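# Coordinate inspection notes
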Amino acid sequence: MKREYIKSLALLIVGVAALVIYIVYAIDVEKFLRVISGANALFALSILCAFTATFLYSYGWHILLKDRYDSVSFKKVYILTTASIYLNLIIPSASASGEAFRIYESSKSLGDPSIAVSTILLHRLFMFIPFVTGAFVGCMYLNSIATTGYASKVLLFSSIILTVAFMFFTVLIVKPSLLSKPIGKVYRCLRRDPSKITKMLIDMEKNMRLHGKATLAKLLIVSFLYWFIDNMVLFFALASLGVYARIELILLVYAVTVLIQTIPIGIPGMIGVVDVVRTELFTVAGIPREIGISASILTDIAMVFFLALYSFIFYVLQVGKFRGCEITH
């Protein structure tokens, strides 16, 4: 783990260096400093939204676990989920580090790895539904204001790819047994017995089923609330600078931010990379670079810096005091 921290720190320095170079060469530094130092109290709402989104994200998984067990401790689900967010921020690898941690820790409590994996996959799927919806709306908005035919085609193509990818992964998550044949062939080529992994996939498919329409309705409501509140982090960062952007633009920039953060480069929060992209997207919509980069940095402070400090507390609790405690009782 120490090695991973050192690697993340080194990559963070690279990301910050790239951000500084961009500011120096692409932006009026004096204007930028004047803009970011003028942020008002609305920025506090960005931080509040980041913490509220974490609560809703945890509650979504709690709903799924509650669907399978009569008694589930939200307190422990929240601690475990927030601890996994810390790992996703500090050791980013397309969220694999945090989800592996969640699966490992919850499997010990649930006693069945297939339930842990299936509920976490379903959790990610439901949280992804509003994201795809918002990304599509955002792409259509930017497409309407794009000044070149090339930009229009790229945005339309991106929307189609995003929708197709979402449908494909939804089928695989809801019916994982479809993977049993190709995985079985790979295992046989490696001269290994595929029966265990095949059984796990079949068990996962059984565990994917929701036990009632009420659970489905609650999950959809919570997922859309989580997504909306998470979008508001960026909205209030801009608002604190005196700019009230169209919601369609916020949806697009948020979607692009999430997609970039899934790239397994390893830079914590994708600092630097995501800031440049956000700023350039804002520029297309007519927002000056000085304001765009300021809003992006304020968003980083809320969603990466403050959230990392906050989630670290729960990571310590999970691996310390609460390790081995059951999330069901």
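Being a predicted model, the structure only gives us computed values, none of them experimental.

### Some points on the overall build of the chain
- Counting its regular elements, the chain contains 13 helices and zero strands.
- Reading the secondary structure of the chain in the N-to-C direction produces α-α-α-α-α-α-α-α-α-α-α-α-α.
- The buried share of the chain, reckoned over its 329 residues, is 47%.
- Long-range pairs, those at least 24 residues apart, make up 75% of the contacts in the chain with a sequence separation of at least 6.
- Carbon and sulfur atoms form 71% of the exposed surface of the chain, whose accessible area is close to 16,200 Å².

### Some remarks on the packing of helix α10 (residues 213–239) against helix α11 (residues 247–261)
- In the contact formed by α10 and α11, the axes pass within 10 Å of each other and the chain directions differ by 105 degrees. In terms of orientation, α10 lies roughly perpendicular with respect to α11. On α11, the residues that touch Y226, W227, D230, N231, M232, L234, F235 and L238 of α10 are I247, I250, L251, V253 and Y254.
- For the contact of α10 with α11, the per-class residue count stands at 11 nonpolar, one polar and one charged.

### Structural notes on the nonpolar core
- Y226, L238, L249, F282 and I287 are the most contacted members of the largest nonpolar core, which has 52 residues in total.
- Going through the elements one at a time, α3 (43–66), α4 (74–90), α6 (113–145), α10, α11, α12 (273–284) and α13 (289–319) are the ones with two or more residues in this core.
- The dominant element in this core, judged by the number of residues it contributes, is α10, at 13 residues.
- By size, the runner-up hydrophobic cluster in this structure holds 15 residues, among which are V72, L80, A83 and I115.

### What about the confidence of the model for the chain?
- Confidence in the prediction for the chain averages 81 pLDDT; 82% of positions are at 70 or higher.
- The least confident element of the chain, judged by mean pLDDT, is helix α7 (residues 149–174) at 65; the most confident is α3 at 94.

### Overview of the packing of aromatic side chains
- By the definition in use, this model includes 16 aromatic pairs.
- The interplanar angle of 55 degrees and the centroid separation of 5.2 Å between the aromatic rings of Y86 and F312 together place this pair among those described as tilted. Separated by 226 residues along the polypeptide, Y86 in helix α4 and F312 in helix α13 bring together distant segments of the chain.
- Following the ring pairs from residue to residue traces out a cluster consisting of F51, F55, Y59, F74, Y78, Y310 and F314.

### Focus: the environment of A245
- By the secondary structure assignment, A245 is in the loop between α10 and α11.
- Residue A245 is classed as buried on the basis of its relative accessible area of 13%.
- Spatially, the C-alpha atom of A245 lies 9.2 Å from that of A285, the residues being 40 residues apart in sequence.
- Apart from the residues lying within four places of it in its own chain, the contact partners of A245 are F235, L238, I250 and I287.

### What about α4?
- For α4, which comprises 17 residues, the first-to-last C-alpha distance of 24 Å matches the rise-based estimate of 24 Å (1.5 Å per residue) to within 8%.
- By the criterion of burial, α4 is predominantly enclosed, with 13 of the 17 residues buried.

### Comments concerning the environment of V253
- Within the fold, V253 resides in helix α11.
- Considering only alpha carbons, one finds V253 and N231, 22 residues apart in sequence, at a separation of 9.0 Å.
- Each residue touching V253, except ones within four places of it in the same chain, is listed here: L234, R278, L281 and F282.

### Quick look at the packing of α3 against helix α5 (residues 96–110)
- In the contact formed by α3 and α5, the axes pass within 14 Å of each other and the chain directions differ by 35 degrees. The crossing of α3 and α5 is right-handed. Here Y57, W61 and L65 of α3 lie close against α5, whose contacting residues are E99, R102, S106 and L110.
- Taken together, the residues of the contact of α3 with α5 sort by class into four nonpolar, one polar and two charged.

Thresholds applied
- Residues numbered from 1 in each chain as written.
- Predicted model: local features only at pLDDT ≥ 70, side-chain atom pairs only at ≥ 80, totals over all residues.
- Heavy atoms only, no water.
- Helix = DSSP H or I, 4+ residues; strand = E, 2+ residues; numbered from the N terminus.
- Buried < 20%, exposed > 50% of the residue type's maximum accessible area, 1.4 Å probe, protein only.
- Contact = heavy atoms within 4.5 Å.
- Areas by Shrake-Rupley, 256 points an atom, 1.4 Å probe, with all protein chains shown as cover.
- Axes fitted to C-alpha atoms, helices over the stretch in contact; angles between N-to-C directions.
- Parallel < 35°, antiparallel > 145°, perpendicular 65-115°, else oblique.
- Nonpolar A, V, L, I, M, F, W, Y, C, P; charged D, E, K, R; others polar.
- Core = buried A, V, L, I, M, F, W, Y, C linked by side-chain atoms within 4.5 Å.
- pLDDT = per-residue confidence, 0-100.
- Phe/Tyr/Trp six-rings, centres within 6.5 Å; stacked < 30°, edge-to-face > 60°.
- Expected span 1.5 Å × (residues − 1).
- Left-handed = near helix turned anticlockwise from the far one by under 90°.

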